[in-house]
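# Survey of secondary and tertiary structure
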Amino acid sequence: MSLGVLAMTPAEAFNHPRHRESEDCVFRAERLARAGDTDGARRLYRTAAEAELEVAQMQTAAQPRGVLAVSAATCFLRARCWADAMRVSHTFLAQPEALIPDAAAALESVLDDAQRLRDLHDALGPDALVAPLEIKLDGGRVRRGVCPSSLVQVREEIAEALVYRVADLKAQRAFRKAGRSVTAKELEIYRLPARAASYGIRLFLATPPQSTIPGVAVSPSEIVRALLELAAVAATDGLEGVSAVVGERQYTNAIVRAFRDLAPDGTAVGTVSFGAPWSPVVQRPVRFTATQRTELNLALHAAPPDDRFDLEGTLKAVSLRRSRYIVVDGDDGGSHRLRIRGGALDDTIGPKLNRVVRVSGKRIQEKDGTVSFWADDVVLVEDGEVATP
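Our next topic: the side chain of S181. Structurally, S181 is set in the loop between α7 (149–170) and β2 (188–192). A polar contact is formed between the side chain of S181 and the side chain of D168, at a distance of 2.8 Å.

Along a regular strand, successive side chains alternate from one face of the sheet to the other. With seven of 10 residues buried, strand β1 (residues 129–138) is to be regarded as a mostly interior element. Two elements, β1 and strand β3 (residues 199–207), share nine bridges in a ladder whose sense is antiparallel. Of the residues in β3, the one forming a bridge with K136 is G200. Sheet topology note: the β1/strand β4 (residues 271–275) ladder contains five bridges and is antiparallel. Paired with D138 across the strands is T271, a residue of β4.

Right, let's get into the nonpolar core. L227, F259, F274, F288 and I326 are the most contacted members of the largest nonpolar core, which totals 70 residues. Per-element tally for this core: the top contributor is helix α8 (residues 220–246), with 13 residues. Ignoring anything within four residues of it in the chain, the contact list for F274 reads E134, I135, L227, L228, F259, L262, P285, V286 and F288. Ranked by size, the runner-up nonpolar core spans 42 residues in total, among them A69, A73, W82 and V88.

This part covers the packing of α7 against helix α9 (residues 249–262). Axis separation between α7 and α9 bottoms out at 10 Å; the angle between their running directions is 155 degrees. By the angle between their axes, α7 is roughly antiparallel relative to α9. Crossing angle aside, the handedness with which α7 passes α9 is left-handed. Residue-level inspection shows R155, I158, A159, L162, R165, D168 and L169 of α7 in contact with α9, the latter providing Y251, A254, I255, A258, F259, D261 and L262. Here the contact of α7 with α9 is built from residues that sort into 10 nonpolar, no polar and four charged.

The topology assignment puts P264 in the loop between α9 and β4. A sequence separation of 29 residues divides P264 from R293, and the C-alpha atoms of the two residues are 6.6 Å apart.

About the cut-offs
Residues numbered from 1 in each chain as written. Predicted model: local features only at pLDDT ≥ 70, side-chain atom pairs only at ≥ 80, totals over all residues. Heavy atoms only, no water. Helix = DSSP H or I, 4+ residues; strand = E, 2+ residues; numbered from the N terminus. Polar contact = N/O pair within 3.5 Å; in protein donor to acceptor, adjacent residues only side chain to side chain. Buried < 20%, exposed > 50% of the residue type's maximum accessible area, 1.4 Å probe, protein only. Pairing = 2+ DSSP bridges. Core = buried A, V, L, I, M, F, W, Y, C linked by side-chain atoms within 4.5 Å. Contact = heavy atoms within 4.5 Å. Axes fitted to C-alpha atoms, helices over the stretch in contact; angles between N-to-C directions. Parallel < 35°, antiparallel > 145°, perpendicular 65-115°, else oblique. Left-handed = near helix turned anticlockwise from the far one by under 90°. Nonpolar A, V, L, I, M, F, W, Y, C, P; charged D, E, K, R; others polar.

This is the structure:
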């Protein structure tokens with residue numbers, strides 16, 4: 001590959017007919033991808049990448065460049081041309097002084113994704129269906145590529161449970177109150193190392209070729225798109241917005257509770273963003289702050305009547321069998337056994353074991369006159385978060 005064959009300024013590059021051709025191909029490819037025509041979209045992305053690369057090669061190294069190179073590499077990635085995506089990334093990264101700010105980081109990300117996807121498709125087959133999902137943590141105790149494991153582990157497990165819950169919803173399955181999702185038989189979730197920028201929980205959703213979730217054809221890309229659409233609704237319109245989209249109350253509460261637990265507390269973690277890098281079906285990431293976490297939490301806990309209670313302590317035991325309950329060693333010195341309903345907390349309760357939590361619930365007087373304590377919600381107190389007095 002030869003760089004700087006012709007001297008072309010950035011303005012001339014963006015007005016070049018081949019760049020406009022590339023933009024048109026990307027636009028048409030995105031429409032085909034959304035319509036499910038994967039092969040047609042891949043062909044157009046390759047055409048777009050070749051046109052964009054041609055213009056990128058014309059830019060002189062004396063001028064700041066990188067946008068077109070990143071675009072070309074990303075289009076090759078979307079076209080599943082792993083070697084070409086890596087070749088473009090390596091070539092332009094070889095002259096970092098000529099790249100505009102952030103271009104090097106973007107090319108490094110494309111390079112990493114191309115290598116990972118190449119290996120994944122080698123394992124699953126070239127026609128496997130794969131879609132990326134990335135959850136970026138930033139601020140608080142999170143540093144560049146470094147994050148306390150306690151903050152990551154909980155969110156990884158909750159994110160995977162949320163993926164299966166959204167997949168069940170998309171497949172129009174009845175709400176699962178217990179047990180493993182049927183979707184898990186067809187959909188595999190792969191974890192990747194975190195990116196250097198902030199700290200990214202990186203997941204690839206994958207199914208074998210021609211495989212669909214039982215009952216309804218749902219691809220990994222459709223699951224990711226649905227999850228991010230629900231994230232956007234939860235971040236802007238809260239529980240009521242999610243309810244309007246989902247309809248079913250149990251699904252709504254489970255999904256909102258998962259987003260609440262994934263959102264940052266503002267102290268241990270500053271922001272949490274959901275996105276799908278290089279995906280043609282998702283346009284921009286969804287960002288959560290501590291404000292969204294508070295608002296979702298308040299929506300899940302309507303103004304408590306007299307029979308409600310709140311408890312803070314360490315979650316010491318969880319039983320999701322026929323006798324469903326949790327045990328919390330409270331800050332008051334007592335050990336409290338609280339009953340839980342099927343499916344209500346299953347997606348998010350496991351990672352909170354042996355951690356400090358806040359429990360809200362209600363007292364119910366049974367027919368025999370005894371009083372039972374039911375936990376409606378269990379919220380993790382993040383490392384570094386100030387506990388409730």
